[in-house]
Amino acid sequence: MEADKVLLEEQIEATLVNYEAQRKENRRRSANVAVVNASMAAVTTVLIGLSNSWQSASRILSSLAIATSALVMVVSGWDRIYNHKRLWMIYTDAWVQMKELKFDLAHLTKTAPGDEDAINHIYTRFKTVMKGLNEQWMSMKSEDKG
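Residues numbered from 1 in each chain as written. Predicted model: local features only at pLDDT ≥ 70, side-chain atom pairs only at ≥ 80, totals over all residues. Heavy atoms only, no water.

Asks: Help me understand the overall build of the protein chain, please; the structure alone is not making it clear to me.
Replies: Regarding its fold elements, the protein chain presents four helices and zero strands. Along its sequence from the N terminus, the protein chain presents helices and strands in the succession α-α-α-α. Its C-alpha radius of gyration of 24 Å places the protein chain more than 25% over the 15 Å reference for a compact globule of 146 residues. Dimensions of the protein chain along its principal axes, counting C-alpha atoms only, are 80 × 30 × 15 Å. Counting every position in the protein chain, which comprises 146 residues, the buried fraction comes to 29%. (Helix = DSSP H or I, 4+ residues; strand = E, 2+ residues; numbered from the N terminus. Rg over C-alpha atoms; globule rule 2.2 N^0.38 Å. Buried < 20%, exposed > 50% of the residue type's maximum accessible area, 1.4 Å probe, protein only.)

Asks: Can you walk me through the packing of aromatic side chains in this structure?
Replies: For any pair of aromatic rings, the description consists of the separation of the ring centres together with the inter-plane angle of the planes. Summed over all chains, the structure comprises three aromatic pairs. On the numbers, 4.6 Å between centres and 45° between planes, the contact of W78 with Y82 is tilted. A residue pair is termed a helical-turn pair when its members lie 3 or 4 positions apart in one helix, as W78 and Y82 do in helix 2 (residues 58-82) at four residues. Judged by its relative accessible area of 45%, W78 falls in the partly exposed class. Relative to F126, the ring of Y123 has its centre 6.4 Å away and its plane inclined at 25°; by these criteria the two rings are stacked. Highlighted residues: Y123 and F126, both in helix 4 (residues 116-143), separated by three residues, approximately one helical turn. Each of the two residues, Y123 as well as F126, counts as buried. One residue, R23, lies across the ring of W95, its end atom 4.0 Å from the ring centre. (Phe/Tyr/Trp six-rings, centres within 6.5 Å; stacked < 30°, edge-to-face > 60°. Lys NZ or Arg CZ within 6 Å of the ring centre and 35° of its normal.)

Asks: I would appreciate a short explanation of the nonpolar core in the present structure.
Replies: Nonpolar side chains in soluble globular proteins tend to end up buried together. By size, the foremost hydrophobic cluster in this structure holds 22 residues, and its most contacted members are L8, I12, Y19, M98, L101, I122 and F126. The set of elements that each furnish at least two residues to this core consists of helix 1 (5-53), helix 3 (84-111) and helix 4. Considering each element in turn, this core owes the most residues, nine residues, to helix 3. Ignoring anything within four residues of it in the chain, the contact list for Y19 reads Y91, A94, W95, M98, M130 and L133. (Core = buried A, V, L, I, M, F, W, Y, C linked by side-chain atoms within 4.5 Å. Contact = heavy atoms within 4.5 Å.)

Asks: Can you walk me through the side chain of T44 in this structure?
Replies: Its location among the elements puts T44 in helix 1. There is a polar contact of 2.5 Å between the side chain of T44 and the side chain of T68. For T44, the contacting residues outside a window of four places in its chain are A65, T68 and S69. (Polar contact = N/O pair within 3.5 Å; in protein donor to acceptor, adjacent residues only side chain to side chain.)

Asks: Where do I start with a nonpolar patch on the surface in this structure?
Replies: A cluster of nonpolar side chains, contributed by V36, L71 and V74, occupies part of the molecular surface with about 230 Å² of accessible area. One can find V36 in helix 1. The exposure class assigned to V36 is partly exposed, which follows from its relative accessible area of 33%. (Patch = residues over 30% accessible without salt bridge, like charges linked within 9 Å, V, L, I, M, F, W, Y side chains within 5 Å. Areas by Shrake-Rupley, 256 points an atom, 1.4 Å probe, with all protein chains shown as cover. Salt bridge = Lys/Arg side-chain N within 4 Å of Asp/Glu carboxyl O.)

Asks: Please clarify how the environment of A65 should be interpreted in this entry.
Replies: With respect to the helices, strands and loops of the structure, A65 is situated in helix 2. In sequence terms A65 and V46 are 19 residues apart; their C-alpha atoms lie 8.2 Å from each other.

Asks: Quick question: what am I supposed to make of the environment of A106 here?
Replies: Relative to the assigned elements, A106 resides in helix 3. Along the primary structure A106 and E9 are separated by 97 residues, whereas in three dimensions their C-alpha atoms are 8.6 Å apart.

Now the structure itself:
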């Protein structure tokens, strides 16, 4: 196959933009899950402690503690399904590889712009990165027992 250098540059750039957005979104979601779970666990602990201290509000505080504890389970279940931290890592790895391809193609453009074999090799690497990301995603989803 004869890869087109200009089209390859455009595809690499578009893929970089997509992977960057995906990694940032999954990083944000992973952080949100961690913060919500830690916060709700702390609130649960405080509510249990208060329910033991304030006998007049014991039932209400205990009920709130149960609700916040349940929220931790819901958020943990959500994270188990989507695994944003792992997705963040997968997209970051692929994004770094795409950056390398972009740099290699730019270097090739300056040093040997007509080297079709080198362009084809970069195109093959491009497809390998994309396929690798898809395989990791599929593996992650097939491992999910939830």
